[in-house]
Structure formats: C-alpha cells, structure tokens
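Fold and geometry: a report
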Amino acid sequence: MGLDDYGGGQVPQSDVLVVTSNDVPGYRVQQVIGEVFGLTVRSRHLGSQIGAGLKSMIGGELKGMTKTLVQTRNQAMERLVEQARARGANGVLAFRFDVTEAADVGTEVCAYGTAVVLARE
C-alpha cells in the first residue's frame, strides 16, 4: 500500500483552509457562515467482508478496509470543502469526522465543521 492508500488530508494549495482548531494563528475570523458538512455512505462488498472475517481470526491490519475508509473520508472532506466554497467561505474551523454504521449495509462518514471567512491580521 502506498502513502495515498492509507492517509489523506487537504492538498497544500487548497483555496479553503480546513483546520481542527477553533482559530488560525495570523488570521482573524471576519465572518462566520455556519455549519457545513460532506457526507458519503459506502457499502461493503462481499469479498472484503469475507477477507476481513478471515483476517480477524488470525489478527493483523485489514488493508482493504483501511483503503476503503481512507477513500471514503477523503470524499467526505472534498464534499465539505465544496460546500464551504459554494457558501463563500475560505476556511473551515473545528473540522471533525463522524463515522457510523448505516443499517448493517455500509458505513456513513460525515465530515463537518464551521465555515468562515478568514482575513490575514
């Protein structure tokens, strides 16, 4: 598995800064736009479920499921950034993920935070 298979996050040159903190050093919040989120639900395919079941008996990382979850989180984050941008934000503060089982058929991933307009101090 390569670096992109098990990691994620924002690309360095994004026009919308996404941070987990409530403020950004060197910037002030000029306007609070409000909550934004990006949501996706992924179903599990039979092959990965069987493989995960077998792997759970002997232990170890479930690489296929790890890769799928990374892709799912990245997609949810991309949707969050699209929502923030569409509402006129250039920043998202207090960014978080929420992951939930969706009726035993898949995994729901929600990326959320507060969309803001940031200005350099």
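**Thoughts on unusual backbone geometry**
Even without being glycine, Ala-94 reaches a positive phi, approximately 55 degrees. Inspection of the secondary structure puts Ala-94 in strand 3 (residues 91–102).

**Let's talk about the packing of aromatic side chains**
Within the structure shown, the criterion is met by 1 aromatic pair. Ring geometry for Phe-95 against Phe-97: centres 5.0 Å apart, planes inclined by 75 degrees, an arrangement best described as edge-to-face. Phe-95 sits in the buried class, given a relative accessible area of 8%. Across the ring face of Phe-97, the terminal group of Arg-73 is positioned such that the distance to the ring centre comes to 4.6 Å.

**As for the pattern of salt bridges**
The tally for this structure, following the rule as stated, stands at 1 salt bridge. When the shortest N-O distance is used, the salt bridge between Arg-85 and Asp-15 registers 2.8 Å. Within this pair, whereas Arg-85 is found in helix 3 (residues 63–86), its partner Asp-15 is found in the loop between helix 1 (3–6) and strand 1 (17–18), the two being separated by 70 residues in sequence. Residue classification places Arg-85 among the partly exposed positions, given a relative accessible area of 38%.

Conventions adopted
Residue indices follow the written sequence of each chain, beginning from 1 at its first position. Totals for whole chains, interfaces and linings use all residues, but because this is a predicted model, local features are given only for residues with pLDDT of at least 70 and pairs of side-chain atoms are given and counted only at 80 or more. Derived side-chain values reflect all non-hydrogen atoms in the structure, with water molecules and hydrogen atoms excluded from consideration. Helix and strand assignments follow DSSP, with helices taken as H or I runs no shorter than four residues and strands as E runs no shorter than two, numbered in order from the N terminus. Any two of the Phe, Tyr and Trp rings considered here, Trp counted by its six-membered ring, make a pair once their centres fall within 6.5 Å; the pair's planes then place it as stacked at under 30 degrees, edge-to-face at over 60, or tilted in between. Each residue's exposure class comes from its accessible area (1.4 Å probe, protein chains only) as a fraction of the maximum for that residue type: buried when under 20%, exposed when over 50%, partly exposed otherwise. For a ring to carry a charge above it, either NZ of a lysine or CZ of an arginine must fall within 6 Å of the ring centroid while also lying within 35 degrees of the normal to the ring plane. Between Lys or Arg on one side and Asp or Glu on the other, a salt bridge is scored when a side-chain nitrogen of the former is within 4 Å of a carboxyl oxygen of the latter.

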